[in-house]
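A look at the structure
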Amino acid sequence: MDVSTAVKQRISTRAFLDTPLPKAEVEQWLKDASRSPSGGNLQPWRVIALGGEEKQKIVDMAASVLAQNPQGEPTDRPIYPDYITDAQKARRFRVGEMMYEKVGIPREDKMARMMWFSRNFRFFDAPLALFFVLDERVGHGQWGHTGMLMQTLALLAEERGWATCMQECWGILRLSLKEALGLAEHEMVWCGMAVGIPDKSDPVNELYTERASLDEWVEFKGL
């Protein structure tokens, strides 16, 4: 598969087959992705890969914590900033409406939407879960470098016939994840990723989100 095809067909996959991914293949996938760009070659990331019972422990923990507090735990690094533009708000609303339309849940059924969203915290039943861990003391550049690693993993997954869903939602459980994963004093989970073979029969995987036109975000000078 060429890179352009991988970029075009990658989506946030939200339904997976229960087919396990062999450990040797996962190791090679991660090794291949380690060539991702990293300013100063810091390679600031750490990845925790979970499957089987270890993944289920995290799923059970999340269910327990969120049952007591559906809003999650406090964090000084929220998923979305206090300020986003009107255009960004519109895009966020639009993708949510598109997704719930695919799964057949109307806007007025708030409970059903909440129940469906809770599938995030089961990694959408993917066989493999990744957590991307950073030192709390790194700068914004290192967060960006880790994002590059995640994108590289996503594209390499497409090449393998796998699929991914990047999951910043786990940011509302950072305190519990720190304990559950045995992180060091200054370590924190930034993001999760669900990984597996996509269930192409599930309508949610037909969601192909819209993108802004170039004139909204590109300015050409001297070309």
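Up top is the structure.
A brief report on the enclosed structure follows. Worth saying up front: this structure is predicted, and the values here are computed from it rather than measured.

Cut-off values and rules
Residues numbered from 1 in each chain as written. Predicted model: local features only at pLDDT ≥ 70, side-chain atom pairs only at ≥ 80, totals over all residues. Heavy atoms only, no water. Buried < 20%, exposed > 50% of the residue type's maximum accessible area, 1.4 Å probe, protein only. Helix = DSSP H or I, 4+ residues; strand = E, 2+ residues; numbered from the N terminus. Pairing = 2+ DSSP bridges. Expected span 1.5 Å × (residues − 1). Contact = heavy atoms within 4.5 Å. Axes fitted to C-alpha atoms, helices over the stretch in contact; angles between N-to-C directions. Parallel < 35°, antiparallel > 145°, perpendicular 65-115°, else oblique. Nonpolar A, V, L, I, M, F, W, Y, C, P; charged D, E, K, R; others polar. Salt bridge = Lys/Arg side-chain N within 4 Å of Asp/Glu carboxyl O. Polar contact = N/O pair within 3.5 Å; in protein donor to acceptor, adjacent residues only side chain to side chain. Left-handed = near helix turned anticlockwise from the far one by under 90°. 1 Å grid on protein atoms, 1.4 Å probe; cavity = no way out; pocket = protein on both sides within 12 Å on 5 of 7 lines; lining within 4 Å. Points joined across faces, edges and corners; volume = space filled by probe spheres on them.

On to the pairing of strand β4 (residues 187–196). Most of β4 sits out of view: ten of its ten residues are buried. Where strand β2 (residues 128–135) and β4 come together, eight bridges link them in antiparallel fashion. Within β4, the residue paired with Phe-132 across the bridge is Cys-191. Relative to β4, strand β3 (residues 163–167) runs antiparallel, the two being bridged by five bridges. Counted as the bridge partner of Ala-163 is Gly-196 from β4.

A few words on helix α4 (residues 86–103). If you check α4, its first and last C-alpha atoms are 26 Å apart, about what 18 residues at 1.5 Å a residue would give, namely 26 Å. Turning to α4, its buried residues are Gly-96, Glu-97, Met-98, Met-99 and Tyr-100. Where α4 is buried, its residues touch α5 (110–117). Positive backbone phi, at 75°, marks Gly-104, one or two positions downstream of α4.

All right, on to the packing of α4 against α5 then. Across the interface, α4 lies against α5 with an axial gap of 12 Å and an inter-helix angle of 95°. Judged by the angle between their axes, α4 and α5 are roughly perpendicular. Residues Glu-97, Met-99, Tyr-100 and Val-103 of α4 lie in contact with α5, whose contacting residues are Arg-113, Trp-116 and Phe-117. Taken together, the residues that form the contact of α4 with α5 break down as five nonpolar, no polar and two charged.

On to the pattern of salt bridges, then. Inspection of the entire model under this criterion finds 13 salt bridges. Close ionic contact of Arg-113 with Glu-97 constitutes a salt bridge, the shortest N to O distance being 3.0 Å. Of this pair, Arg-113 sits in helix α5 while Glu-97 sits in helix α4, placing them 16 residues apart in sequence. For the pair Arg-113 and Glu-97, one class covers both residues: buried. Beyond isolated ion pairs, a larger network of salt bridges with shared partners links Asp-32, Glu-159 and Arg-160.

By the secondary structure assignment, Ser-38 is in the loop between α2 (23–33) and β1 (46–51). Classification of Ser-38 by relative accessible area gives buried; the value is 16%. A polar contact is formed between the side chain of Ser-38 and the backbone nitrogen of Gln-43, at a distance of 2.7 Å. In this structure Ser-38 touches Gln-43, Pro-44, Trp-45 and His-145, once residues within four positions along its chain are discounted.

Now for the packing of α2 against helix α6 (residues 140–159). One way to put it is that α2 packs onto α6 with a least axis distance of 9 Å and a crossing angle of 130°. By the angle between their axes, α2 is oblique relative to α6. For the element pair α2 and α6, the recorded crossing hand is right-handed. In this structure, α2 contributes Trp-29, Leu-30, Asp-32 and Ala-33 to the contact, and α6 contributes Leu-149, Thr-152, Leu-153, Leu-156 and Ala-157. In terms of residue class, the contact of α2 with α6 is made up of seven nonpolar, one polar and one charged.

Any space left empty among the atoms is revealed by the rolling of a water-sized probe across them. Size it by volume and the second largest pocket reaches roughly 220 Å³. Taken together, 13 residues line the second largest pocket, and the ones lying closest to its centre are Thr-13, Glu-158, Ala-163, Pro-198 and Lys-200. For the lining of the second largest pocket, the residue count by class is four nonpolar, four polar and five charged.

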